[in-house]
Amino acid sequence: MQKKEDKTPIIFGPVPSRRLGRSIGINNIPTKYCSYSCIYCQVGRTNHMLITREEFYKPEKIVSEINKKLKKLKKDTNIDYLTFISDGEPTLDINISKTIKLLKPIGIKLAIVTNSSLMWESKVREDLIDLDLVSVKIDSVIPELWKKVNRPSGHLNLRKILTGIEIFAGTYGGRLITETMLVENYNDNISSVIETAEFIKELNPYKAYILTPTRPPAESFVKPPAEEKLMLAQQIFKEITENVKTVNEFEGTDFSFSSDVRKELLSIMSVHPMRDDAVKEFLNKSNNDEKIIDEMISNNLIKKINYNNSSYFVKTN
């Protein structure tokens, strides 16, 4: 049973991921229930600031939707991960551990992309321990910059969060990756980059990702760092820690579809803004034309916006 009324599809994709290959997304949180309201968030500002875990969707419902999706896909469609990645913070789901246990028998690797804000809770760390891959967000370890970039709930404490991440890293046996989103004139300064890289080094992650905003952000003033600052950040990270990779390019157009093209597009755009060339390729693969997009825009289901010299389609709020 769904606790909060929300029409956003629970399952979306498969989508191409720059970190996870081809992934089916699990949107286990209703729209914009989150503990942060990051200035660069591709889903927009947070409507419901929350740090208390709740029940949103029944685990059985999520598993049923996953199985339906897998049955609709072509037999030769390769899926690398089933990923908890929502338009909120997935660890707010109090039932996530049960959902993970129910998904295990499917035989596809399980991952989560979390903002790490609830890692200070031991129960949250326990719930994620059986996942194959955990991606934790660490944009800055300097409290003032953390507040400016991530705009966290006022009840959160960065030091407690970082300590929780350290504890988790010391006990987790799967693939741990970190994500640091750099925003121009916010956390791209040398002191923040050095301190963040030094903290990440102690976690010994499988890979430390440096990211820049590539899709339309929550705030129009958000820009990627200047090229020289990004190169300097890369150099600093590589000198301090290992296995560093920068992700500052478009992830590609290799989206998959199953049956209802309109529903598929809407489910992806709810969580993952699609660039215009990706939409065109998606329509070509499904033997459809751009009239579908015009129709969805006229019905106020999606809208077209421009960011960083590219056009994107996103779900309307």
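S.K.: Break down a negative patch on the surface for me, citing the residues and quoting the values.
M.R.: A cluster of like negative charges, contributed by Glu166, Glu195, Glu198 and Glu202, occupies part of the molecular surface. Here the element with the most residues in the negative patch is helix 6 (residues 190–203); it accounts for three residues. Structurally, the position occupied by Glu166 is in helix 5 (residues 158–171). Given a relative accessible area of 34%, Glu166 falls into the partly exposed group.

S.K.: I'd like to hear about the pattern of salt bridges, residue by residue, with values.
M.R.: Applying the stated criterion to the full structure yields 10 salt bridges. For Glu55, the salt bridge is made with Lys58, and the minimal N-O distance between the two is 3.5 Å. Residue Lys58 is classed as partly exposed on the basis of its relative accessible area, which comes to 32%. Between Asp188 and Lys229 there is a salt bridge, and its shortest N-O distance comes to 3.8 Å.

S.K.: For the pairing of strand 2 (residues 21–26), give the residues involved together with the corresponding values.
M.R.: Along strand 2, five of the six residues are buried, which leaves the element largely enclosed by surrounding structure. As paired strands, strand 1 (residues 11–17) and strand 2 are joined by five bridges and run antiparallel to one another. Considered in strand 2, the bridge of Val15 is made with Ser23. In this sheet, strand 5 (residues 81–84) lies alongside strand 2 in parallel orientation, the contact comprising four bridges.

S.K.: So what's going on with the sheet that holds strand 6 (residues 109–114)? Which residues, and what values?
M.R.: Here we have eight strands laid out as an open sheet, ordered 1-2-5-6-7-8-9-10, and mixed in their pairing. For this open sheet the edge positions go to strand 1 and strand 10 (244–247), each flanked by a neighbour on one side alone. The sheet shows a mean angle of 25° between the axes of neighbouring strands, taken without regard to direction. Where helix 6 meets the sheet, its contacts fall on strand 8 (175–181) and strand 9 (207–211), and the angle it forms with strand 8 comes to roughly 175°.

S.K.: Can you tell me about helix 6, naming the residues and giving the values?
M.R.: With 14 residues, helix 6 should reach 20 Å at 1.5 Å per residue; the first-to-last C-alpha distance of 20 Å fits that figure. By the burial criterion, the buried members of helix 6 are Ser192, Val193, Thr196, Ala197, Phe199, Ile200 and Leu203. Down the axis of helix 6, the buried set is contained in an arc of 165°. They therefore lie on one face. One or two steps after helix 6, the chain reaches Asn204, where phi turns positive at roughly 50°.

What counts as what
Residues numbered from 1 in each chain as written. Predicted model: local features only at pLDDT ≥ 70, side-chain atom pairs only at ≥ 80, totals over all residues. Heavy atoms only, no water. Patch = residues over 30% accessible without salt bridge, like charges linked within 9 Å, V, L, I, M, F, W, Y side chains within 5 Å. Areas by Shrake-Rupley, 256 points an atom, 1.4 Å probe, with all protein chains shown as cover. Salt bridge = Lys/Arg side-chain N within 4 Å of Asp/Glu carboxyl O. Lys, Arg positive; Asp, Glu negative; His and termini not counted. Charge placed at Lys NZ, Arg CZ, Asp CG, Glu CD. Helix = DSSP H or I, 4+ residues; strand = E, 2+ residues; numbered from the N terminus. Buried < 20%, exposed > 50% of the residue type's maximum accessible area, 1.4 Å probe, protein only. Pairing = 2+ DSSP bridges. Axes fitted to C-alpha atoms, helices over the stretch in contact; angles between N-to-C directions. Contact = heavy atoms within 4.5 Å. Expected span 1.5 Å × (residues − 1). Arc of directions from axis to C-beta.

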